[in-house]
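The lines below spell out each chain.
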Amino acid sequence: MRSLRAAVISLIFLGVQSSKANPEMAAKIEKLWDSKVAEWREQAEKAKSHEELAALEQTRPDPAAYARRMWGSIENSLQEPWTIRPAAWFLQIAPGIKDPETGTPLFEEQINRIKKSLLANHIHRPDPQLNAICMALARLGDPLSLSIIESIESKNEDPKIQGVAALAAAMVVKNLGDDGELMRKRLTYLKKAIINSAEVKIGETSVAELAENELYLIRYLSKGRVAPEITGTDSNKQPFRLSQQRGKVVILIFWSSSIPQAAHTIEFTNEMATNFAGKPVQIVGINHDPADKLKAMRADGTVTWRNLSDPQNLLAKNYRVGSWPMVYVLDQKGKIRYSGGLGSFAELTANALLEE
């Protein structure tokens, strides 16, 4: 009797586990995450003080919890075509998640399993969901991700998917340097993307528009280019013009109080402002929060550096900001010397420019 009961319980357990492994469950997890994040961001936009924002941080949807749920729904079915979409979602959300105690990535093993499964099972499939995979891999930008993208670009059966993969490859190669050979490779990939897949949609935009952005980056936002002009009024209603900052190292930080890394951005940049106090360094935040909110955060000491309000994201668009926060470090002649995430590389670049 006991063995029969154990068998029944085991069958029930297996049934529950197998019921998780289906596209409907994966879609529900993705939809629930999107709704929770949208709800939280709406609340963050309304926060009027650092204290309110800090309190909201405690209610932020936990990406690790949703990533675990998604992984549980796909881990035993990675060879199945239906897992391509949720795998793309996982690759978008999981890489930035770290163990709060050790700081090590939580889902590195799972991400590698997805990559290996893509190479083994899916790179040839004429499945439009591979477009999302390519763009997610482009954000990762590591050698294996580039290898998978290039395999899709050269071996997939669908020319349109090849074109999207070419766009993704151009985005990854962008981060490898600006020498002539790499630049020619980027342009070759972008040409194929436009020829094969110009009208293909990636989210709300098209491959043609994304390729145009990449060409804009090459022309105007590559290292060594003079940064595009910025004019505006800061949170204290003082006029600002970027070209008038010549002779100083300028650190441009595109951010807002509603991004996931808002608290870290504020803490890190306040520390940078302290470190560079009295030196010819100008830190400028470009922020789409309302001007009154920026003024309040400056007045109560939440932020200690200058901020321009960009409520329509016009300046962010001009600088092709795709991920937040985004940093540009400019030398004393206004030329771009660093672009990327907020962190030690940005600060090290600024210090090196001061030494020059």
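Definitions and limits used
Residues numbered from 1 in each chain as written. Predicted model: local features only at pLDDT ≥ 70, side-chain atom pairs only at ≥ 80, totals over all residues. Heavy atoms only, no water. Helix = DSSP H or I, 4+ residues; strand = E, 2+ residues; numbered from the N terminus. Rg over C-alpha atoms; globule rule 2.2 N^0.38 Å. Buried < 20%, exposed > 50% of the residue type's maximum accessible area, 1.4 Å probe, protein only. Contact = heavy atoms within 4.5 Å. Polar contact = N/O pair within 3.5 Å; in protein donor to acceptor, adjacent residues only side chain to side chain. pLDDT = per-residue confidence, 0-100. Pairing = 2+ DSSP bridges. Axes fitted to C-alpha atoms, helices over the stretch in contact; angles between N-to-C directions. Core = buried A, V, L, I, M, F, W, Y, C linked by side-chain atoms within 4.5 Å. Phe/Tyr/Trp six-rings, centres within 6.5 Å; stacked < 30°, edge-to-face > 60°.

### Looking at the overall build of the protein
Regarding its fold elements, the protein presents 15 helices and nine strands. In terms of overall dimensions, the protein is globule-like: its C-alpha atoms have a radius of gyration of 23 Å, near the 21 Å expected for 356 residues. Its C-alpha atoms give the protein principal-axis dimensions of about 80 × 50 × 35 Å. Within the protein, buried positions represent 45% of all 356 residues. For the protein, restricting intrachain contacts to residue pairs at least 6 apart in sequence, the fraction spanning at least 24 positions comes to 65%.

### Side note on the side chain of Ser 257
Tracing the chain through its elements places Ser 257 in the loop between strand 5 (249–255) and helix 12 (262–275). In terms of polar contacts, Ser 257 uses its side chain to reach the side chain of Asp 289, at 3.0 Å. At 2.8 Å, the side chain of Ser 257 and the side chain of Lys 293 are in polar contact. Beyond its immediate sequence surroundings of up to four residues, Ser 257 is in contact with Ala 44, Leu 53, Ala 262, Asn 287, Asp 289 and Lys 293.

### A word on the confidence of the model for the protein
Per-residue confidence for the protein gives a mean pLDDT of 89, with 94% of residues at or over 70. Counting interchain partners and residues more than four positions distant, the pLDDT-below-50 stretch residues 1–19 has zero contacts.

### Section: the environment of Glu 52
By the element assignment, Glu 52 lies in helix 3 (residues 50–57). Each residue touching Glu 52, except ones within four places of it in the same chain, is listed here: Lys 46 and Ala 47.

### What about the sheet that holds strand 6 (residues 281–287)?
The strand order 7-6-5-8-9 describes an open sheet built from five strands, whose pairing is mixed. Pairing within the sheet leaves two strands with one partner each, and these edge strands are strand 7 (306–309) and strand 9 (336–340). Each neighbouring strand pair of the sheet contributes to a mean axis angle of 20 degrees, computed without reference to strand direction. One ladder, built from seven bridges, connects strand 5 with strand 6; its direction is parallel. Paired with Trp 255 across the bridge in strand 6 is Asn 287. Of the strands in this sheet, strand 5 and strand 6 are in contact with helix 12, which crosses strand 5 at around 165 degrees.

### Considerations on the nonpolar core
Grouped together as the largest cluster of nonpolar side chains are 58 residues, with contacts concentrated most on Phe 90, Ile 133 and Leu 167. Element by element, the count of residues in this core is highest for helix 9 (residues 159–174), at 11 residues. Those residues within four positions of Ile 133 in sequence are excluded, and the remaining contacts are Ile 84, Ala 87, Ala 88, Leu 91 and Leu 118.

### A few points about the pairing of strand 8 (residues 326–330)
Here strand 8 lies mainly inside the structure; five of its five residues are buried. Covered by surrounding structure in strand 8 are Met 326, Tyr 328 and Leu 330 together with Val 327 and Val 329, the residues of both alternating faces. Where strand 5 lies against strand 8, five bridges are found, and the strand directions are antiparallel. Among the inter-strand pairings, Val 250 is bridged to a residue of strand 8, identified as Leu 330. Examined bridge by bridge, strand 8 and strand 9 share four bridges and lie antiparallel to one another. Paired with Leu 330 across the bridge in strand 9 is Ile 336.

### A word on the side chain of Thr 349
In this fold, Thr 349 is placed in helix 15 (residues 344–355). With near-sequence residues (within four places) excluded, Thr 349 lies in contact with Val 329, Arg 337 and Tyr 338.

### Quick word on the packing of aromatic side chains
Each aromatic ring pair is characterised by the separation of its centres together with the angle its planes make. Taken as a whole and assessed by the stated rule, the structure comprises eight aromatic pairs. Ring centres of Trp 71 and Phe 90 lie 5.6 Å apart, and the angle between their planes is 40 degrees; this geometry places the pair in the tilted category. Taken together, the residues span a long stretch of sequence, with Trp 71 in helix 4 (residues 63–74) and Phe 90 in helix 5 (residues 84–93) at a distance of 19 residues. Exposure class is identical for Trp 71 and Phe 90. Each is buried.

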